[in-house]
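In case you want the letters, here they are:
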Amino acid sequence: MTPRLSAPARSLGLKLILVGALAFLLWLPAMMIYALVWERSNRADTVQNEIYAQSGGRQLIAGPFLIAPAQIDTGRTDANGAPVIRRTSVIFTPQTLDIGGDVATERRQRSIYDATVYETTLTLSGRFAALTPPASADGAVTVFWEQASLAVKLGANENLKGLRERPALTVDTVVADDITFEPGLGAGVARGDGGGEWLARLPGLSAPFALAEKKDGFSFSLVMPLSGGGALNFAPVGENTRVELTSRWPHPGFQGAYSPDRRAIGADGFSAEWRIPYLARNLPRAFFSDGDLSILDHDKTFGVEFVSTDSPYQSVNRALKYALMFLGLVFLTFFLFEATMGGRAHPAQYILLGLTQVIFYLLVLALAEHIGFENAFAGTAGATVLLSGWYAATVFRSVLRGLIALFAFAGAYGLIYLLMKSEDYALLIGSVTAFGAIALTMAVTRNIDWYGARAEQQAGP
């Protein structure tokens, strides 16, 4: 005859299954909070970008370089007997380019959001070697040297807002007061002789710069007072490019195609230096262009991002990814009290306890936007742990069990904090915690008679 299950054994087995189901059901509203975090994060990004745009946006500097209209005589004639001439532009890049500047940062706030903006005075100096037009397989090349321009390409038109003052140009140690920069890259390039129309539409600034007397090369220095927000990036336009930046911002994020050759980061700021040689930049000394200058900066940009470390959204998102595991830990703690220490907890009490953990994430998010993540987490976690410990003492009618639950919940929230703050080790911490929780449960419940067979045997026939 098959032994019947005793009522307590059946109750514990069904309760464990029910606890697991409740943890999964309460995980769903936690995922709704995940969507709320995503929405608030997008709103913060939108406000930050608006603040950045007012200062000039994320600046991208590619230049200076020279643009000269040119034509290529193909040696062919059309149906009417007229010679076929190809109109184009020839781009000359500098032989050396040194960029330096000290970047002063400032935090600007709108409503509950803030963003990092900066001001700097960049000095772009170097030398153009002898200007030799590239050869063309289509025919003989004629360059209109008198219609050339000196140009600096920017990442977007909004970057022009960051030019607070007129750039100052020095050529061969002589201040070029007669040179005036204009928006677009086509200043001085005659329309119809090399496509000045498309150059004028590209983001940047340029000035007429006749090259008839400078074809043998010249040195230059361009001083640009500049503001922007979020990041400052460059393109290695020079055959040999060197960029050196300093700032009092203590949290730089070096990004792009090249890492700094030298960097120093401390509480009082950072300094960094990049050196990009000719072969590494993957850009010819001179080339033809008929409507596209993306070759100057495509997949080549590098620079620094002024990282904000007090944004709560990334930390809360990371913790929400493990919300199911922590709901399970809280419920498992209650279940182990039932299984090993006696006492009963109704499923409704599990639900109330679980909702407390779900609301915890919502409170952290809401408070962190106003008082900072650290203060929000400490206050919310402390309140949640105290409430959960008090509730456990009430449910099981034991102060001792309430204290044990309080310490267990405090440990769980300590793990949540580690997950929120640790990007590189979050997966490791979560995996080890899950394994440890299962191992502890197996050890504590190893002597439970789940089928009730021993109870039936002791009762006899």
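Structure: see above.
Calculation criteria
Residues numbered from 1 in each chain as written. Predicted model: local features only at pLDDT ≥ 70, side-chain atom pairs only at ≥ 80, totals over all residues. Heavy atoms only, no water. Helix = DSSP H or I, 4+ residues; strand = E, 2+ residues; numbered from the N terminus. Buried < 20%, exposed > 50% of the residue type's maximum accessible area, 1.4 Å probe, protein only. Contact = heavy atoms within 4.5 Å. Pairing = 2+ DSSP bridges. Phe/Tyr/Trp six-rings, centres within 6.5 Å; stacked < 30°, edge-to-face > 60°. Lys NZ or Arg CZ within 6 Å of the ring centre and 35° of its normal. Axes fitted to C-alpha atoms, helices over the stretch in contact; angles between N-to-C directions. Parallel < 35°, antiparallel > 145°, perpendicular 65-115°, else oblique. Left-handed = near helix turned anticlockwise from the far one by under 90°. Salt bridge = Lys/Arg side-chain N within 4 Å of Asp/Glu carboxyl O.

1. A look at unusual backbone geometry
Here is step 1: With an omega dihedral of 5°, the bond running from Gly 63 to Pro 64 counts as a cis peptide bond.
Here is step 2: Tracing the backbone shows Pro 64 in strand 1 (residues 59–77).
Here is step 3: Positive phi, close to 50°, is recorded for Asp 172, a residue that is not glycine.
Here is step 4: Along the chain, Asp 172 turns up in the loop between strand 7 (168–171) and strand 8 (174–175).
Here is step 5: By relative accessible area, which is 36% here, Asp 172 ends up partly exposed.
Here is step 6: The backbone of Asn 282 shows a phi angle near 55°, a positive value even though the residue is not glycine.
Here is step 7: In this fold, Asn 282 is placed in the loop between helix 3 (278–281) and strand 17 (286–289).

2. Here's the deal with helix 4 (residues 313–320)
Because an α-helix completes one turn every 3.6 residues, residues spaced three or four positions apart along the sequence face the same direction.
Here is step 1: With seven of eight residues buried, helix 4 lies mostly within the body of the structure.
Here is step 2: All buried positions along helix 4 are accounted for by Tyr 313, Ser 315, Val 316, Asn 317, Arg 318, Ala 319 and Leu 320.

3. Digging into the environment of Ile 276
Here is step 1: Take Ile 276: it is sitting in strand 16 (residues 269–276).
Here is step 2: Exposure remark for Ile 276: the relative accessible area of 3% places this residue in the buried category.
Here is step 3: Put simply, Ile 276 and Glu 239 are 37 residues apart on the chain and 8.1 Å apart in space, counted from C-alpha to C-alpha.
Here is step 4: Ignoring anything within four residues of it in the chain, the contact list for Ile 276 reads Pro 236, Glu 239, Asn 240, Thr 241, Tyr 258, Arg 281 and Phe 302.

4. Side note on the pairing of strand 16
Here is step 1: With respect to burial, strand 16 is a largely interior element, seven of its eight residues being buried.
Here is step 2: Pairing of strand 13 (residues 240–247) with strand 16 involves seven bridges; the strand directions are antiparallel. Paired with Thr 241 across the two strands is Ile 276, which belongs to strand 16.
Here is step 3: Here strand 15 (residues 262–266) folds back onto strand 16 in antiparallel fashion, the turn holding two residues.

5. A word on the packing of aromatic side chains
Here is step 1: All chains considered together, the criterion is met by 19 aromatic pairs.
Here is step 2: Measuring from ring centre to ring centre gives 6.3 Å for Phe 234 and Phe 302, while their planes differ by 40°; the resulting arrangement is tilted. Pair noted here: Phe 234 is in strand 12 (residues 231–234) and Phe 302 is in strand 18 (residues 302–306), with a separation of 68 residues, a long-range link. The same class applies to Phe 234 as to Phe 302, namely buried.
Here is step 3: Within the aromatic cluster, the residues linked to one another by ring pairs are Tyr 118, Phe 234, Phe 254, Tyr 258, Phe 270, Trp 274, Phe 302 and Phe 306.
Here is step 4: One cation-aromatic arrangement involves Lys 214 over Phe 209; the distance from NZ or CZ to the ring centre is 5.1 Å.

6. Focus: the packing of helix 4 against helix 8 (residues 399–421)
Here is step 1: One way to put it is that helix 4 packs onto helix 8 with a least axis distance of 7 Å and a crossing angle of 125°. For the element pair helix 4 / helix 8, the angle class is oblique. Classified by chirality, the crossing of helix 8 by helix 4 is right-handed. Contacts from Ser 315, Val 316, Arg 318 and Ala 319 in helix 4 reach Ile 416, Leu 419, Met 420 and Lys 421 in helix 8.

7. Some remarks on the pattern of salt bridges
Here is step 1: Taken as a whole and judged by the stated rule, the model has 13 salt bridges.
Here is step 2: When the shortest N-O distance is used, the salt bridge between Glu 50 and Arg 110 registers 2.5 Å. A residue pair is termed long-range when its members are at least 10 positions apart, and Glu 50 in helix 1 (residues 7–55) and Arg 110 in strand 3 (residues 96–110) qualify at 60 residues.
Here is step 3: Among the ionic pairs, Lys 153 bridges to Asp 297, the shortest N-O distance being 2.7 Å. Taken as a pair, Lys 153 in strand 6 (residues 149–154) and Asp 297 in the loop between strand 17 and strand 18 lie far apart in primary sequence, 144 residues in all.

By themselves, these are just geometric observations and shouldn't be taken as functional.
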